[in-house]
Amino acid sequence: MLRLRKTNSLILLIVVLSVFLVGCTTGNTPANNVGGENSPQGENINSGEVNLFTTRHYDTDQLLFEMFEEETGIKVNVVNAGADELLERIQLEGEDTVADALITADVGRLHTAKERDLLQPVESEILFSNIPDNLRDNDDTWFGLTKRARVIVYSPDRVDPSELSTYEALTEPQWRGRIAMRTSSNIYNISLMASFIEVWGEEKSLQWAEGLKENLARDPQGNDRDQATAVASGVADVAIMNTYYIGGMLNSANEEERNVANSVEIFFPNQETDGTHINVSGIAVTKHAKNKENAIKLMEFLSGEQAQKIFAEANNEFPANPNVQWSSWLLGLGDFKEQNIDLTALGDNHSKSIMIWDRAGFK
Ligand code: FE2
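Residues numbered from 1 in each chain as written. Predicted model: local features only at pLDDT ≥ 70, side-chain atom pairs only at ≥ 80, totals over all residues. Heavy atoms only, no water.

Caption draft 1: Just the overall build of the chain, in detail. When its secondary structure is counted, the chain shows 15 helices and 10 strands. Among the 363 residues that make up the chain, the fraction classed as buried is 53%. As displayed, the chain has an accessible area near 16100 Å², and 47% of this comes from carbon and sulfur atoms. (Helix = DSSP H or I, 4+ residues; strand = E, 2+ residues; numbered from the N terminus. Buried < 20%, exposed > 50% of the residue type's maximum accessible area, 1.4 Å probe, protein only. Areas by Shrake-Rupley, 256 points an atom, 1.4 Å probe, with all protein chains shown as cover.)

Here's what the structure looks like:
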């Protein structure tokens, strides 16, 4: 595994150097090549630019955009902000928006963008073949790029994994006062409940929320990382959270975060039944995109095998393209059974989910 990681780093380094060297030798850095007239491959190459609004901020994303530019002559201009801010800006700018494409985490947010009429459908055989049916919108307005699982994280000191089985089992009396989670108004929990509505129906989902509330160690609060900290410090024994935060904390520059991640374990619930909840980060073309074709080319590039590996590894997520090999850390977690639903349902059940959390008296 270590050797694999070293090889990957080496490949990454070679790619960076090649991008740099090509820029130097031709005198055409990607930045001054917009318009494509000086493109080394002449007229066949597509050129111009694409304006990407994204919530992601990883150095490797920038590297990918440079690779894309090198391949196509299309420059990627990045606007980076939180999801609410990006959606607000696209909506306010209306027809005049500069945004061509949007990347954000969680189907719930992509659904909100679609509901607010900020997106348009995309037809691309490359995207259709790279991204599985259940990881993209039924109307083809958004496409998942990376996949995450919302799992049970537990303290191996106080919980034997044989005690764990399903999300439903967390409502049993043995878990009284032992569970940590963030607020139900957070998009991750809205989507989690939306998936349960799809798989179990509304009544069972409501009962689950009511039972879970009985067993909380404290009022819902904090972000996902704080739930891991609660388990590590003994405030709770189990927590509901996304896998990639553990991966991120294991590689953190902060020693405390590394200690937290090293003292908890991940359990994939509902393996004998309906599977673990998954969600995606995804990409879409905005309704008023001025560079639609370029945006689609960027989406196709990011869904391809070469880009997917780097894109998913930046956030310790599972690649959406099933042909791409998982990172060594993900391989270490092992294969698992996912909820067998079309993720479009997470958007469709969004409002019902908020209502059920509310009816169960959740914060
Ligand atoms: Fe997150």
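Caption draft 2: Highlighting the coordination of the iron ion. All of the protein donors around the iron ion are Y188 (OH), Y244 (OH) and Y245 (OH); their distances to the metal are 2.0 Å. Look at where the donors of the iron ion fall in the sequence and you get Y-x55-Y-Y. With Y188 in helix α6 (residues 187–200) and Y244 in helix α9 (residues 243–250), the pair connects residues that are 56 residues apart, well separated along the chain. Classification of Y244 by relative accessible area gives buried; the value is 4%. (Donors = N, O, S within 2.8 Å, 3.2 Å for Na, K, Ca; no water.)

Caption draft 3: Layout of the nonpolar core. The biggest cluster of nonpolar side chains holds 76 residues, and the ones touching the most others in it are I246 and L302. Apart from the residues within four sequence positions on either side, I246 is in contact with V153, A228, M241, A261, V264, I266 and W329. (Core = buried A, V, L, I, M, F, W, Y, C linked by side-chain atoms within 4.5 Å. Contact = heavy atoms within 4.5 Å.)

Caption draft 4: Representation of the pattern of salt bridges. Applying the stated criterion across every chain yields a total of 18 salt bridges. A salt bridge links E202 to K352; its shortest N-O distance comes to 3.6 Å. Of the two residues, E202 is situated in helix α7 (residues 202–214) and K352 in helix α15 (residues 350–359); the sequence distance between them amounts to 150 residues. Residue classification places E202 among the partly exposed positions, given a relative accessible area of 35%. A cluster of three or more residues bridged by salt bridges with shared partners is formed by K114, D137 and D139. (Salt bridge = Lys/Arg side-chain N within 4 Å of Asp/Glu carboxyl O.)

Caption draft 5: Looking closely at the packing of helix α2 (residues 59–72) against helix α12 (residues 305–313). Relative orientation of the contacting elements α2 and α12 amounts to 165 degrees, with a least axis distance of 9 Å. On the basis of their axis angle, the class for α2 and α12 is roughly antiparallel. Viewed along their axes, α2 and α12 form a crossing whose handedness is left-handed. Each of T60, D61, L64, M67 and E71 in α2 lies in contact with α12, whose residues at this interface are Q306, A307, I310 and F311. Across the contact of α2 with α12, the residue classes break down as 5 nonpolar, 2 polar and 2 charged. (Axes fitted to C-alpha atoms, helices over the stretch in contact; angles between N-to-C directions. Parallel < 35°, antiparallel > 145°, perpendicular 65-115°, else oblique. Left-handed = near helix turned anticlockwise from the far one by under 90°. Nonpolar A, V, L, I, M, F, W, Y, C, P; charged D, E, K, R; others polar.)

Caption draft 6: Here's a closer look at the packing of aromatic side chains. Summed over the entire model, instances satisfying the criterion amount to 12 aromatic pairs. For the pair F196 and W208, a centre-to-centre distance of 4.9 Å together with 75 degrees between the ring planes defines the contact as edge-to-face. One end of the pair, F196, is in helix α6; the other, W208, is in helix α7, and 12 residues separate them in sequence. Judged by relative accessible area, W208 falls into the buried class, the value being 3%. These aromatic residues form a ring-pair network of at least three members: Y167, F196, W200, W208, W357 and F362. We note R56 situated over the ring of F311; from NZ or CZ to the ring centre the distance is 3.5 Å. (Phe/Tyr/Trp six-rings, centres within 6.5 Å; stacked < 30°, edge-to-face > 60°. Lys NZ or Arg CZ within 6 Å of the ring centre and 35° of its normal.)

Caption draft 7: Local environment of the environment of D219. As for its placement among the helices and strands, D219 is situated in the loop between α7 and α8 (224–232). Classification of D219 as partly exposed rests on a relative accessible area of 45%. Separated by 37 residues in sequence, D219 and R182 have C-alpha atoms that sit 8.4 Å apart.

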